[in-house]
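These are the residues of each chain, in order.
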Amino acid sequence: MIPFCLRLIACGGGSHATSYLPVAHGSCNFQAGGNCALIVNGVSRTYWLHLPRNFQPNANGMVITFHGGRETGCEFEGITGRSQKADQVGFAAVYPDGLPNPSGATSWNGYFNPTFGPNPPDDSGFTRQLILTLEANLHPNPKKIYVTGLSAGGYMAHRAAIDNSDLVAAAGVVEGSLSVQTAGGTQKPPAARSPAAVLILHGDADGVIPYCGVTNSNVTVASQDQTFNYWVQTAANACSTLNTTASLCTGFGGSPTNVTLKNAIGCNGGAEVRLYRLMGATHNWYRTTMDVPPGTATQPYNPNFNSATGIVTNDILWNFFASHAKP
């Protein structure tokens, strides 16, 4: 008996919404998009594919968006509004589904997620097979493959860019981090395979993944200083020029400094590492403008946002991606 994955909700937040219907394992309509599946190491993995009408094979890019914990790719499409941006500029938008952890909550096996226990899913392998499958059947420009995500999906975006940087041109991480596991010994993420550009958007009021890091009984959540420095210093990037040598935080677990933008250029392969501190932002994917100073608005703020960078999350991410294709 062939099992099916059933989603009883509507997806397709762009110009042509589609029902998120059952899909047989290993199937996809690469001409129209919709609910898709593939087999990874004997496990069925599902994803939602939004294909804009103005997508041009071999020319336009592709963005894989990893949902947060306890969500699905389909739900996250609606939360982020990514498909509307895809319709504007023509990239293929892909929303993979994470698998349930032992508590039943969907999540991702980023570096290092202790919630999956001793037998975590091969989410890195899933991401790689997903990219290769879509390159073979959808034909996005292979130099314009991008990943992004929120929270647990932000951790996964980091991991996808580390493990699959030979395929991924750039990552955009929203309220994510790189964890260093302490229970049973310290572990650090491996070096990236190839140069990758990285954009980090992180709120200084995030109580779930604190901006300046935190340690609990199971895991150390790296500070944004540590995360930024990993990408600058990993041998594949080896960035040479910083806009400032000042730290983002007064120390691990400390308070944010007055640095609101940290940028590293002179990286291998034309890569760049850029971090924006979202002043007043909590653990969310904001769809409001973020260029209005505090006191005049309640939304997050960064003084470096403008029409060139973008002032809402989806524009900021895409503008960064569009300027960081692989050479």
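Residue numbering note: each chain is counted from 1, following its sequence as written. The model is predicted, so local features are restricted to residues of pLDDT at least 70 and side-chain atom pairs to those at 80 or more, both for listing and for counting; the totals for chains, interfaces and linings are taken over all residues. No hydrogens and no water enter the side-chain calculation; it runs on all heavy atoms of the structure.

> Residues and numbers for the overall build of the protein, please.
In DSSP terms, a helix is any run of H or I states spanning at least four residues, a strand is any run of E spanning at least two, and both are numbered starting from the N terminus. Helices and strands together make up the secondary structure of the protein, namely 6 helices and 19 strands. This radius of gyration counts C-alpha atoms alone. The globule rule is 2.2 Å times how many residues there are, raised to the power 0.38. Rg of the C-alpha trace for the protein: 19 Å, near the compact-globule value of 20 Å for 327 residues, within the 12% margin. Taken over the C-alpha atoms alone, the protein extends approximately 55 × 45 × 40 Å along its principal axes. Exposure categories follow from relative accessible area, calculated using a 1.4 Å probe and restricted to protein chains: below 20% of the type maximum is buried, above 50% is exposed, and the middle band is partly exposed. By residue count, 56% of the 327 residues in the protein fall in the buried class. When checking whether two residues touch, look at their non-hydrogen atoms; a contact exists if any pair is within 4.5 Å. Long-range contacts, defined here as pairs at least 24 residues apart, represent 67% of the contacts in the protein between residues at least 6 apart. In these tables, accessible area is a Shrake-Rupley quantity obtained with a 1.4 Å probe, and a residue counts as shielded only by the protein chains included in the view. Accessible surface for the protein amounts to roughly 12700 Å². Of this, 53% is attributable to carbon and sulfur atoms. Side chains of the protein carry 17 positive and 17 negative charges; the gap between the two charge centres is 5 Å. Charged-residue counts in this description rest on Lys and Arg as positive and Asp and Glu as negative, His and the chain ends being excluded. Charge placement uses NZ in Lys and CZ in Arg. For Asp and Glu, CG and CD serve respectively.

> Any details on the layout of surface pockets? Residues and values, ideally.
The space that makes up the largest pocket amounts to roughly 490 Å³. Taken together, 24 residues form the lining of the largest pocket, with S107, N113, T115, A152 and Y155 sitting closest to its centre. Of all elements in the fold, only β10 (106–107), α4 (152–163) and β16 (219–221) reach the threshold of two or more residues within the lining of the largest pocket. Following the grouping adopted for this structure description, the nonpolar residues are Ala, Val, Leu, Ile, Met, Phe, Trp, Tyr, Cys and Pro, the charged ones are Asp, Glu, Lys and Arg, and the polar ones are all others, Gly among them. Residues belonging to the lining of the largest pocket are distributed by class as follows: 11 nonpolar, 12 polar and 1 charged. Counted as a void, the second largest pocket has a volume near 180 Å³. Along the walls of the second largest pocket sit L178, S179, V180, K188, P189, A222, Q226, T227 and Y230, which together make up its complete lining. For the lining of the second largest pocket, the secondary-structure elements that each account for two or more residues are β13 (179–181) and α5 (224–233). Sort the elements by how many residues they give to the lining of the second largest pocket and α5 lands first, with 3 residues. Here the residues of the lining of the second largest pocket sort into 5 nonpolar, 3 polar and 1 charged. Grid points spaced at 1 Å and placed over the protein atoms alone form the basis of the search, with a cavity being a set where a 1.4 Å probe fits but cannot get out and a pocket an open set showing protein on both sides within 12 Å along at least five of seven lines. Lining residues have an atom within 4 Å of a point. Grid points are joined across faces, edges and corners, and a volume is the space filled by probe spheres set on the points.

> A description of the pairing of strand β14 (residues 197–203) should follow, citing residues and the corresponding values.
Among the 7 residues of β14, 7 are classified as buried, and the element is accordingly described as predominantly covered. When DSSP finds two or more bridges between two strands, those strands count as paired. In this structure, strand β12 (residues 170–174) lies alongside β14, joined through 5 bridges in parallel fashion. In the strand pairing of β14, V174 is matched with L201. Pairing of β14 with strand β19 (residues 273–278) involves 6 bridges; the strand directions are parallel. Within the sheet, the bridge partner assigned to L201 lies in β19 and is Y276.

> Please give an account of the state of the cysteines that cites residues and values.
Count a disulfide wherever a pair of cysteine sulfur atoms falls within 2.5 Å. This model, assessed by the stated rule, comprises 3 disulfides. Sulfur-sulfur distance for the disulfide between C212 and C249 comes to 2.1 Å. Residues C212 and C249 are joined by a disulfide whose S-S torsion is about -90°; by sign, that bridge is left-handed. Of the two residues, C212 is situated in the loop between β14 and β15 (214–215) and C249 in the loop between β17 (241–242) and β18 (261–265); the sequence distance between them amounts to 37 residues. Of the residues examined, C212 reaches a relative accessible area of 4% and is grouped as buried. Relative accessible area serves as the criterion here: at 5%, C249 is assigned to the buried category. A sulfur-sulfur separation of 2.1 Å characterises the disulfide bridge that pairs C239 with C267. Because the torsion about its S-S bond is 105°, the bridge between C239 and C267 counts as right-handed. Placement of C239 in the loop between α5 and β17 and of C267 in the loop between β18 and β19 is noted, with a sequence separation of 28 residues between them. Judged by its relative accessible area of 14%, C239 falls in the buried class.

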